[in-house]
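Remarks on the overall topology
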Amino acid sequence: MPVEITWWGHATCTVQDSGTRVLTDPLFARRLAHLRRRRGAPPPPSAALADVVLVSHLHADHLHLPSLARLAPGTRVLVPKAAARSVPGLRRLRTLKIIEVEAGSRVEVGNVVIRAVRADHDGRRLPVGPQRSPALGYVVDGEARTYFAGDTGLFEGMADAVGDVDVALLPVGGWGPNLGAHHLDPARAAVALARIAPRAAVPVHYGTYWPIGMDAVRPHEFHTPGDEFVRQAALHAPGVAVHRLEHGESVRPKVAGR
């Protein structure tokens, strides 16, 4: 069965490959602190079903404890090294199998192998906390190789760190009018796409959450990153098939046989 990607919003995706169900950065909330979900209904209960969950870094919109609490008992959750020390609430999720990893770690789950890779991003739990845990991306290796970037900026050696992949899930926006350093906007994400050179890509991490009371502040930053990434990708990486999904929509990208 070909790999299937479902985008639930923000950085939350389900990757189904070789009979194994992988969930990325689950965030199922209608509201998170000063953010509210402005587009797409929260994911259905079925979205919380996974054989393994990948947490890219400790920011609350990526490591969301109430969303993790919805996972079935026994679900494996990969988190960056030292996450449990930085986020004590993780230790209270006793029914889950929390596995700390770092760049280069490999974990076999079902019929896929998951490899943690470097990301260029502030991985600590904010607004306070020392820099203990790295930010990570992950490559899911099954019938296809799917790269989930988490949050990252461009960095030297990015293509070598990620390796040969078929599908890239790349962040192209954020949850406010300014992204800041160590993020990808649509143009930088297209440059990353050209460097990584997958066969297909899905833009994520945009058009879902926005600060309360800021609806009129640079609304294009909320609405347009997906379409702008499609445009930029056509310029920088014209050989890559880009699938801009709606919330809850799925795609089976065409990948080369292996």
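Criteria and cut-off values
Residues numbered from 1 in each chain as written. Predicted model: local features only at pLDDT ≥ 70, side-chain atom pairs only at ≥ 80, totals over all residues. Heavy atoms only, no water. Helix = DSSP H or I, 4+ residues; strand = E, 2+ residues; numbered from the N terminus. Rg over C-alpha atoms; globule rule 2.2 N^0.38 Å. Buried < 20%, exposed > 50% of the residue type's maximum accessible area, 1.4 Å probe, protein only. Contact = heavy atoms within 4.5 Å. Areas by Shrake-Rupley, 256 points an atom, 1.4 Å probe, with all protein chains shown as cover. Core = buried A, V, L, I, M, F, W, Y, C linked by side-chain atoms within 4.5 Å. Expected span 1.5 Å × (residues − 1). Arc of directions from axis to C-beta. Salt bridge = Lys/Arg side-chain N within 4 Å of Asp/Glu carboxyl O. Pairing = 2+ DSSP bridges. Phe/Tyr/Trp six-rings, centres within 6.5 Å; stacked < 30°, edge-to-face > 60°. Axes fitted to C-alpha atoms, helices over the stretch in contact; angles between N-to-C directions.

**Points about the overall build of the chain**
In terms of regular secondary structure, the chain is built from 6 helices and 17 strands. Here the C-alpha atoms of the chain give a radius of gyration of 17 Å, agreeing with the 18 Å that 2.2 N^0.38 yields for 258 residues. Taken across its 258 residues, the chain has 53% of its residues classed as buried. Of all intrachain contacts in the chain linking residues separated by at least 6 positions in sequence, the fraction that spans at least 24 positions is 66%. Only carbon and sulfur atoms are counted for the fraction: they give 52% of the accessible area of the chain, which is about 10,700 Å².

**As for the nonpolar core**
Residues I114, Y138 and Y147 are the most contacted members of the largest nonpolar core, which totals 51 residues. No other element matches the 5 residues that helix α4 (residues 186-196) contributes to this core. Once residues lying within four places of it in the same chain are set aside, the contact partners of I114 are V52, L54, L78, S105, R106, V107, V109, Y138, V139 and V140. Core analysis: the next-biggest nonpolar cluster, separate from the first, contains 19 residues, L63, L71, V77 and L90 among them.

**Quick notes on helix α6 (residues 225-236)**
Taking 1.5 Å per residue as the helical rise, α6 with its 12 residues ought to reach 16 Å, and the 16 Å between its terminal C-alpha atoms agrees with that figure. Within α6, burial applies to P225, G226, F229, Q232 and A233. Around the axis of α6, the buried residues are gathered within 120° of arc, so they sit on the same side. If you follow the buried residues of α6, they end up packed against β13 (167-171), α4, β14 (200-204), α5 (220-223) and β16 (241-242).

**Some points on the pattern of salt bridges**
If charged atoms from side chains of opposite charge come close, those side chains can pair. One pass over the structure, following the stated rule, counts 10 salt bridges. Among the ionic pairs, R252 bridges to E4, the shortest N-O distance being 3.1 Å. Taken as a pair, R252 in the segment after β17 (250-251) and E4 in strand β1 (residues 4-9) lie far apart in primary sequence, 248 residues in all. Take R252: its relative accessible area is 45%, and that puts it in the partly exposed class. A salt bridge links R199 to D166, with the shortest nitrogen-to-oxygen separation between them at 3.1 Å.

**Describing the pairing of strand β7 (residues 76-80)**
Looking along a regular strand, one sees the side chains alternate between the two faces of the sheet. Counting buried positions along β7 gives 4 out of 5 residues, so the element sits mostly inside the fold. With 5 bridges connecting them, β7 and strand β8 (residues 97-101) associate as parallel partners. Residue pairing across strands places R76 opposite K97, the latter belonging to β8.

**What about the side chain of H10?**
By the secondary structure assignment, H10 is in the loop between β1 and β2 (12-17). In contact with H10, not counting residues within four places along its chain, are L27, D61, H62, W175, V204, H205, T208 and Y209.

**Focus: the pairing of strand β10 (residues 112-118)**
Strand direction decides the pairing type here: strand β9 (residues 106-109) and β10, joined by 4 bridges, are antiparallel. Paired with V107 across the two strands is I114, which belongs to β10. Counting the residues that bridge the hairpin from β9 to β10 gives 2 residues, and of these G110 lies at a positive phi of roughly 55°. Across 6 bridges, β10 lies against strand β11 (residues 136-141) in antiparallel orientation. Each residue of the ladder has a partner; that of I114, found in β11, is V140.

**A look at the packing of aromatic side chains**
Summed over all chains, the structure comprises 2 aromatic pairs. Geometrically, the ring pair formed by W7 and Y206 is stacked, given 5.2 Å between the ring centres and 15° between the ring planes. Here Y206 lies in the loop between β14 and β15 (209-211) and W7 lies in strand β1, a separation of 199 residues in the sequence. Judged by relative accessible area, which is 2%, Y206 ranks as buried. Aromatic pair W210 and F222: ring centres 5.5 Å apart, planes at 70°, arrangement edge-to-face. With W210 in strand β15 and F222 in helix α5, the pair connects residues that are 12 residues apart, well separated along the chain. Like F222, W210 is buried.

**Quick word on the sheet that holds β16**
Sheet architecture is open: 7 strands sit in the order β9-β10-β11-β12-β13-β14-β16, paired in mixed fashion. The open sheet has two free edges, formed respectively by β9 and β16, since each of these has just one partner strand. In the packing of α4 onto the sheet, contacts are made with β12 (145-148), β13, β14 and β16, and the angle to β13 comes to roughly 155°.

These values are about where atoms sit, not about what they do.
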